[in-house]
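Structural characterization, general
Here are the chains, one letter per residue:
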Amino acid sequence: MQSPIVGRDAVLDELAAALGLDSSTPGRAVLLGGDAGIGKTRVVDETVERARADGVRVLVGHCLDLGEHVPAFQPVADALAGLDATPSADDVVGLGELATSLPALEVLRSGGVGEDDGDRLRADVVAAVAHTLEHLAAAGPVLLVLEDLHWADASTRHLVRYLLGRRFVRPVGLLLSFRSDDLHRRHPLRPALAEWTRLPSVQRIDLAPLDDAAMSDLLRGRTSRDLTADGVDTILARAEGNAFYAEELLDAGLAGGSLPENLADLLLVRVDRLHDDARAVVRAVACAGGPVTDALLRQAVETEGPVDDALREAVDLKVLVPVGDALRFRHALLAEAVLDDLLPGERRRVHAAFLRALESDPGPVAAATVALHAHGAGDPALAFEADLRAADEARRVGGHDEAAGHLQRALGVVDHAPEGHDVVGLVTLTADTLLASGRLRTAGALLADHLEHEPRGEGRARLLYTQGQITYLGGTDAEADADRKSTRLNSSHSEVSRMPSSA
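First, a word on scope: everything that follows refers to the structure included in this document. (Residues numbered from 1 in each chain as written. Predicted model: local features only at pLDDT ≥ 70, side-chain atom pairs only at ≥ 80, totals over all residues. Heavy atoms only, no water.)

Some words on the pairing of strand S7 (residues 320-323)
Applied cut-off: DSSP-based pairing: two strands are paired if at least 2 bridges between them are found. Segments assigned H or I by DSSP are reported as helices when at least four residues long, segments assigned E as strands when at least two residues long, and all are numbered from the N terminus.
Here four bridges tie S7 to strand S8 (residues 326-329), and the two strands are oriented antiparallel to one another. Residue pairing across strands places Pro322 opposite Leu327, the latter belonging to S8.

So, in structure tokens, the structure goes:
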């Protein structure tokens, strides 16, 4: 039994209204789109359950990813298979015309008939399916569901076009689902959708990512483990409203670690379809750490063919998306998967190419960007300098979390700082910035670690002074508050467990 659906009540109501499956409503159709993993199948399953509970006769067919070898009318034959297996007396009358047409599909697929004969047979099948649906609807509403239409064969698309344009006089509904992110520029379903959406009886609904509240409910409903608020927030940030991605991260027990192998493999399938030049562009964007301008990308990427063609291919296959004059990944987890798949040497070369491109760019460059590529290219001296500048830029706009991160990274390469640099001053500045971002424990641990190795003298006195200030000010710290709340809660539970039960 499936768990209760979350975050889709409005969409389910919209679907029910759009399909209009009651005895007084003629045929209506819905095109249901959304990215892989966004929850289309779950919404379709829930709609089917509710329709059947309301007395609607539901026929469900699934398109299969068989490439060029998909059988003609395969999902429709799948949907009608149950009728052929155990037909009622009324069904036999309605299927009489269809029964004479379906055997001809085998001849049509085998190529044993001429082109004119094939067109005639296809027209017979299309008319027979429409006739059957109309006949079945005489006894009550009928809903034909065809899932994953992006894999449909040409004959099925022709049938769908006929059914969508037909004026059913009885309550026949069509629910057609497809993956939006599979519809590259040359996909045959793309122009068909544009045409079908203009039909008066057709409504298109695109599933949006789940909001944070719904995603939190989904995560907590899938596990009996205690989930910390930080763990949930991390998964939400990485999954970006995609239910499947969130569930995979949760099941792997990884809120912030490497991607689960099966999820990474699934994400990389789309990248594997690209040609070498397009993959080079995608790898460069993955190393950029976020949106990268078209001009900078062109300077950094190394391809044998035209960059325009590579960019177009990556955008058409929904790996990258344009954002103003920049490009970014369609989903952050896909960027993670591509980055994790790179060999260390590949990463260093791409980061080094970005550094060279940044040096030749006369425009302003964010220090954080330079720091990212300097670390990635293995240039610790430049990384140290860039992190200090990036921390200063972040502090000026109140970004204490970001500033603390840059300062911590600078401390990680402090051995490459210029001779005579005030290391103790950097440690105290980092601790103060961590405190400003609400991270008392981390600041205390940083100071304690450096105090262990700092000899007596001015430097040690400065560290002890900062430690005392942080301890004094820590009463308003977010981490300290969380610790106190947790302690009180655990104490309360202990007291309850020690109370005698009433007779």
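Quick word on helix H2 (residues 40-53)
Stated precisely, the cut-off is as follows: In a helix, the anticipated span is given by 1.5 Å times the number of residues less one. Note on exposure labels: buried denotes an accessible area under 20% of the residue type's maximum, exposed denotes more than 50%, and partly exposed covers the range between, all computed with a 1.4 Å probe on protein chains only. By the convention used here, residues are in contact when the closest approach between their heavy atoms is within 4.5 Å.
In this model H2 runs 20 Å from its N-terminal to its C-terminal C-alpha over 14 residues, within 8% of the 20 Å that 1.5 Å per residue would give. Among the residues of H2, Lys40, Arg42, Val43, Val44, Glu46, Thr47, Val48 and Ala51 are the ones counted as buried. The elements touched by buried residues of H2 are helix H1 (9-19), strand S1 (28-34), strand S2 (57-62), strand S3 (142-147) and strand S4 (172-179). Looking one or two places after H2, you find Gly55, whose phi comes out positive at around 90°.

A closer look at the layout of surface pockets
Formally: Grid spacing is 1 Å over the protein atoms alone, the probe is 1.4 Å, and a cavity is where that probe fits but cannot get out, while a pocket is an open set with protein on both sides within 12 Å along at least five of seven lines and lining residues have an atom within 4 Å of a point. Grid points are joined across faces, edges and corners, and a volume is the space filled by probe spheres set on the points. Amino acids are sorted into nonpolar (Ala, Val, Leu, Ile, Met, Phe, Trp, Tyr, Cys and Pro), charged (Asp, Glu, Lys and Arg) and polar (every other residue, Gly among them).
Size it by volume and the largest pocket reaches roughly 1000 Å³. Lining the largest pocket are 42 residues, and of these Ala36, Gly37, Ile38, Asn242 and Phe244 sit closest to its centre. Counting only elements with at least two residues in the lining of the largest pocket, the list comes to H2, helix H9 (212-222), helix H11 (243-251) and helix H12 (261-272). Partitioned by chemical class, the residues of the lining of the largest pocket number 18 nonpolar, eight polar and 16 charged.

Description of the side chain of Arg270
Let me state the cut-off plainly: Any pair of nitrogen or oxygen atoms within 3.5 Å is treated as a polar contact; in protein, a donor-acceptor pairing is required on top of that, and neighbouring residues in sequence qualify only through side-chain atoms on both sides.
Assignment of secondary structure puts Arg270 in helix H12. At a separation of 3.1 Å, a polar atom in the side chain of Arg270 contacts the side chain of Asp182. With residues near it in sequence (within four places) discarded, Arg270 still touches Asp181, Asp182, Leu317, Lys318 and Val319.

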